[in-house]
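# Geometric and topological summary
Spelled out, the chains give:
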Amino acid sequence: DIQMTQSPSTLSASVGDRVTITCRATQSINNWLAWYQQKPGKAPKLLIYKASSLESGVPSRFSGSGSGTEFTLTISSLQPDDFATYYCQQYNSYSPLTFGGGTKVEI
Amino acid sequence: EVQLLDSGGGLVQPGGSLRLSCAASGFTFRSYAMSWVRQAPGKGLEWVSSISGSGDSTYYADSVKGRFTISGDNSKNTLYLQMSSLRAEDTAVYYCAKSHASSGFLYDSWGQGTLVTVSS
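What you are looking at is a predicted structure, and each value in this text was computed from that prediction instead of being measured.

Attention shifts here to the environment of Gln38(A). Relative to the helices and strands, Gln38(A) resides in strand 4 (residues 33-38). Residue Gln38(A) is classed as buried on the basis of its relative accessible area, which comes to 8%. Sequence separation of Gln38(A) and Thr103(A) is 65 residues, and the distance between their C-alpha atoms is 10 Å. Other than its neighbours up to four places away in sequence, Gln38(A) contacts Ala43(A), Pro44(A), Ala84(A), Thr85(A), Tyr87(A), Gln39(B), Leu45(B) and Tyr95(B).

Moving on, we come to unusual backbone geometry. Residue and element names in this part refer to chain A. The omega torsion of the bond from Ser7 to Pro8 falls at -10°, within 30 degrees of zero and hence cis. Positive phi, normally seen in glycine, also occurs at Lys50, with a value near 50°. Inspection of the secondary structure puts Lys50 in the loop between strand 5 (45-49) and strand 6 (53-54). Its relative accessible area of 40% is what places Lys50 among the partly exposed residues.

This brings us to the pattern of salt bridges. With the rule as written, the count across this model stands at eight salt bridges over all chains. Close ionic contact of Asp81(A) with Lys39(A) constitutes a salt bridge, the shortest N to O distance being 2.2 Å. Of this pair, Asp81(A) sits in the loop between strand 8 (70-75) and strand 9 (85-90) while Lys39(A) is found in the loop between strand 4 and strand 5, placing the two residues 42 residues apart along the sequence. It is possible to trace a salt-bridge network through shared partners that takes in Arg38(B), Glu46(B), Arg67(B) and Asp90(B).

Attention shifts here to the side chain of Glu55(A). Along the chain, Glu55(A) turns up in the loop between strand 6 and strand 7 (62-67). Buried charged residue Glu55(A) carries no salt bridge. Nearest counter-charge: Lys98(B), at 7.7 Å. Excluding its chain neighbours within four sequence positions, the residues that come into contact with Glu55(A) are Leu46(A), Leu47(A), Tyr49(A), His100(B) and Asp108(B).

Residues and elements named next belong to chain B. Taken together, the four strands give an open sheet; going across it, the order is 1-3-8-7, and neighbouring strands pair in antiparallel fashion. Both outer strands of the open sheet, strand 1 (3-7) and strand 7 (68-73), are each paired with one neighbouring strand and no more. Direction aside, the axes of adjacent strands within the sheet are offset by 15° on average.

Each value, and the rule that gives it
- Residues numbered from 1 in each chain as written.
- Chains lettered and ligands numbered in written order.
- Predicted model: local features only at pLDDT ≥ 70, side-chain atom pairs only at ≥ 80, totals over all residues.
- Heavy atoms only, no water.
- Helix = DSSP H or I, 4+ residues; strand = E, 2+ residues; numbered from the N terminus.
- Buried < 20%, exposed > 50% of the residue type's maximum accessible area, 1.4 Å probe, protein only.
- Contact = heavy atoms within 4.5 Å.
- Salt bridge = Lys/Arg side-chain N within 4 Å of Asp/Glu carboxyl O.
- Lys, Arg positive; Asp, Glu negative; His and termini not counted.
- Pairing = 2+ DSSP bridges.
- Axes fitted to C-alpha atoms, helices over the stretch in contact; angles between N-to-C directions.

Set out below in structure tokens:
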């Protein structure tokens, strides 16, 4: 199985901050990496796919980069609506599909 | 607008069975792979199962293989997850998810989730 490790698990930040979250895979997943945002009691929302492609309707302050085994999600200027938990997901292999453990972005 | 409505969750005893449903609208159901993803209380996301749009191919996490069955009814635009031999560790919110146009294992729309609690 491909394991996905996110860091940090919790991140304290302020409005306007530049925030970076890292996701590492135990083997190469090429660019088959997605990022989701989840707020309490809500379903996840797709932000980024194929490592760096912005999903339609997602603000441009979100960006993704990386390839192989190391990836980052960057929020260029944190907004009040961005306080949430973020998950990476590899979809290089469906045997099985795997998510990172999550990064909670808090005030 | 894509809408996914999850239902069927509830309290069930260990060893029991439950069937979850996901009513889909706003897209051509048979053209997209669909999946179930779960989230235990206070924990992260765990992929459970996927089915191709045609229904010909199904995929399962090892943790549910042999106990859960995914299926779809294209005439009703509804996805199902039949769960049997339930265990305490199956307690979670279960989300159905629609695949993205670019990949069958990437999710661009999710249901609101339905809570399954396995307890005596």
